[in-house]
Amino acid sequence: MSTPCREVAGRDEKIFSLLRALVRINTEHAAPAPGAPYGEGCARALEYALGECERLGFATHRLGEKIGWAEVGARGPLAAFPVHLDVVPAGDGWSHDPYAAEVIDGVLYGRGCMDNKIGAAILTVLLAEYAGQDLPCRLRIVFGTDEETGMSDLREYVGAGEELPSMGFVPDAAFPVVRGEKARLHLRISCEVGVSGLLVRGGSMANMVPAEAHATLPDGNELSCAGRSAHGSTPERGENAINALVGQLVARLGPGAGRLLEVERLLCADLTGEALGIDAPDEVFGHTSMNLGTLSVEAGRLVAELDVRFGTALLAGDVIARIRAALGSGWEVEVVQEKPIHLVSEDDPCVQALLDAYERVSGEKGACSVMAGGTYASFMPALVAFGPKLPGTHSGAHGVDEHVRLEDVSRAADIYHEAVRNIIELAASLED
């Protein structure tokens, strides 16, 4: 196993310090304020990240109020490393304060420590080493604040005509290399529930498996169900509290459960959308993934949000048409957000450079994979997702007690150090 040349203690302490500072800023989306479309926490984190980069010698630019970038190098192709500073809600059940950035026995706990502030911290420290150097390419960190709820920040970046990179990576997944991401639809469906006096509230976001769901029945009795949160792209890793609650409500209300009978049969029956007719597996991405992320019933109206991710065998229009057909009359289906499918060739020179970096540092054979999860790579066609999660580790991202071992932060930084060097060498080879 090769070890990159570096001053271990100094580099890592800078990364740990910056990571903890970012985690301490609560960047859950909150009520908009002047200059802060996603709340003051997201705005403060963006200002802090760009300020640190400017202090370290980067050129910085802020595009509106949602996104900005920091860059070293003044010529050549653009290599970019998009990261996001926003996080999903912490929720309840934590053993540690999600915004205290506690380190206990070499483990850092905090919302966003893995998803995705680790990438921001590592890349900031690593790329600062190149500030002021004559490079064959420009190295740009893009800092976003709306990755978790639709990527309006990067959509704005692309829509404004900002330069798209020809190489780089998104540090927001797992090693070795994730070259493909399923297409995604965030759908809101609604209907008249057909049950008088029923109140239901479950889940907070479409792309999170809900850990809690509550109901007040027409007779005044209350029901609560607990589950286990997970990322909406991998619903099989969690336990959906809404599914459990709907099952109990149907059992209690019987034939009088109204549209909840359809919710149980069509939305709670499976995690692939088979009951809705949208499970169309392919050789690259496998089965469709479906998460029932939120459900509310109030004033006789049922509203649910679905996170649907699918491969090459379906188009977005196919998914919507099949869901409408399965639900039938009385249901409204609204597209809240959609993301295209993303796939980069395994033979791509930058992909090969990243695999080489991983293999040199880890001593393990690297290979490409695809995933249901979505990253900023979906809107930057040349990029793939690369780390920071190491094989065989667990972080609890999107769940309670999200954490990362400081030793693993250092190992990821070693791999990224080598990857950035490889990208610079790749850019230099293009000059010849």
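Residues numbered from 1 in each chain as written. Predicted model: local features only at pLDDT ≥ 70, side-chain atom pairs only at ≥ 80, totals over all residues. Heavy atoms only, no water.

Moving on to the pattern of salt bridges. Following the criterion strictly, the structure yields 28 salt bridges and no others. In this structure, the salt-bridge partner of Glu402 is Arg111, at a minimum N-O distance of 2.7 Å. One end of the pair, Glu402, is in the loop between strand 19 (388–389) and strand 20 (403–405); the other, Arg111, is in the loop between strand 5 (107–109) and helix 3 (117–128), and 291 residues separate them in sequence. Glu402 sits in the buried class, given a relative accessible area of 1%. Taking the relative accessible area as the measure of exposure, Arg111 reaches 1% and is therefore buried. (Salt bridge = Lys/Arg side-chain N within 4 Å of Asp/Glu carboxyl O. Helix = DSSP H or I, 4+ residues; strand = E, 2+ residues; numbered from the N terminus. Buried < 20%, exposed > 50% of the residue type's maximum accessible area, 1.4 Å probe, protein only.)

With 98% of its residues at a pLDDT of at least 70, the protein reaches an overall mean of 95. In the model, residues 1–6 has pLDDT below 50 throughout and makes 14 contacts with residues more than four positions away in sequence or in other chains. (pLDDT = per-residue confidence, 0-100. Contact = heavy atoms within 4.5 Å.)

Let us now look at the sheet that holds strand 20. Within the open sheet, the three strands sit side by side as 4-5-20. Their pairing is antiparallel. Here the strands that pair on one side only, and so sit at the sheet edges, are strand 4 (103–104) and strand 20. Contacts between helix 9 (residues 406–431) and the sheet are confined to strand 4, strand 5 and strand 20, with strand 20 contributing the most and set at about 70 degrees to the helix. (Pairing = 2+ DSSP bridges. Axes fitted to C-alpha atoms, helices over the stretch in contact; angles between N-to-C directions.)

Let us now look at the nonpolar core. Core analysis: the largest hydrophobic core is formed by 67 residues, its most contacted members being Ile122, Leu139, Phe143 and Phe386. At the level of secondary structure, the elements contributing two or more residues to this core comprise helix 1 (8–23), helix 2 (40–55), strand 2 (67–72), strand 3 (78–84), helix 3, strand 6 (138–144), helix 8 (349–362) and helix 9. For this core, the element with the most residues is helix 9, which contributes 12 residues. Excluding residues within four positions of it along the chain, Phe386 makes contact with Phe169, Val170, Pro171, Ala174, Phe175, Pro176, Val177, Leu354, Tyr358, Ile415, Tyr416 and Ala419. Membership of the second largest hydrophobic core comes to 45 residues, among which are Ala183, Ala215, Leu267 and Leu292. (Core = buried A, V, L, I, M, F, W, Y, C linked by side-chain atoms within 4.5 Å.)

Two numbers describe how helix 3 lies on helix 9: the axes approach to 10 Å, and their chain directions differ by 50 degrees. Between helix 3 and helix 9, the crossing angle belongs to the class labelled oblique. The handedness of the crossing between helix 3 and helix 9 is right-handed. Taking contact as the criterion, the partners of Ile118, Ile122, Leu123, Leu126 and Leu127 in helix 3 are, on helix 9, Val409, Ala412, Ala413, Tyr416, His417 and Val420. Of the residues belonging to the contact of helix 3 with helix 9, the class tally is 10 nonpolar, one polar and no charged. (Parallel < 35°, antiparallel > 145°, perpendicular 65-115°, else oblique. Left-handed = near helix turned anticlockwise from the far one by under 90°. Nonpolar A, V, L, I, M, F, W, Y, C, P; charged D, E, K, R; others polar.)

Of note, the bond from Phe175 into Pro176 is cis; its omega dihedral lies within 30 degrees of zero at 0 degrees. Take Pro176: it is sitting in the loop between strand 8 (173–174) and strand 9 (177–181). Omega for the bond connecting Gly387 with Pro388 falls within 30 degrees of zero, at 10 degrees, which places this linkage in the cis form. By the secondary structure assignment, Pro388 is in strand 19. In this structure, Ala101 takes a positive phi of about 55 degrees despite not being glycine. The topology assignment puts Ala101 in the loop between strand 3 and strand 4. Of note, Asp105 is a non-glycine position whose phi angle comes to about 55 degrees, a positive value. Mapped onto the fold, Asp105 is located in the loop between strand 4 and strand 5.

Looking at where Glu147 falls in the secondary structure, it is placed in the loop between strand 6 and helix 4 (152–159). Sequence separation between Glu147 and Thr375 is 228 residues; the distance between their C-alpha atoms is 7.5 Å. Ignoring sequence-local partners within four residues, the contact set of Glu147 consists of His84, Asp86, Asp153, Asp172, Gly374, Thr375 and Tyr376.

A few words now on the packing of helix 8 against helix 9. Contact geometry for helix 8 and helix 9: axes closest at 8 Å, N-to-C directions at 140 degrees. Crossing hand, helix 8 versus helix 9: right-handed. Facing helix 8, whose interface residues are Pro349, Cys350, Ala353, Leu354, Asp356, Ala357, Tyr358, Arg360 and Val361, helix 9 presents Asp414, Ile415, Glu418, Ala419, Asn422, Ile423 and Leu426. Across the contact of helix 8 with helix 9, the residue classes tally to 11 nonpolar, one polar and four charged.

For any pair of aromatic rings, geometry is given as the distance between the ring centres together with the angle between the planes. As enumerated under the stated definition, the model contains seven aromatic pairs in all. Taking the centre distance of 4.9 Å and the plane angle of 85 degrees together, the rings of Phe175 and Phe386 count as edge-to-face. Pair noted here: Phe175 is in the loop between strand 8 and strand 9 and Phe386 is in the loop between strand 18 (368–371) and strand 19, with a separation of 211 residues, a long-range link. You can call Phe175 buried: its relative accessible area is 6%. (Phe/Tyr/Trp six-rings, centres within 6.5 Å; stacked < 30°, edge-to-face > 60°.)

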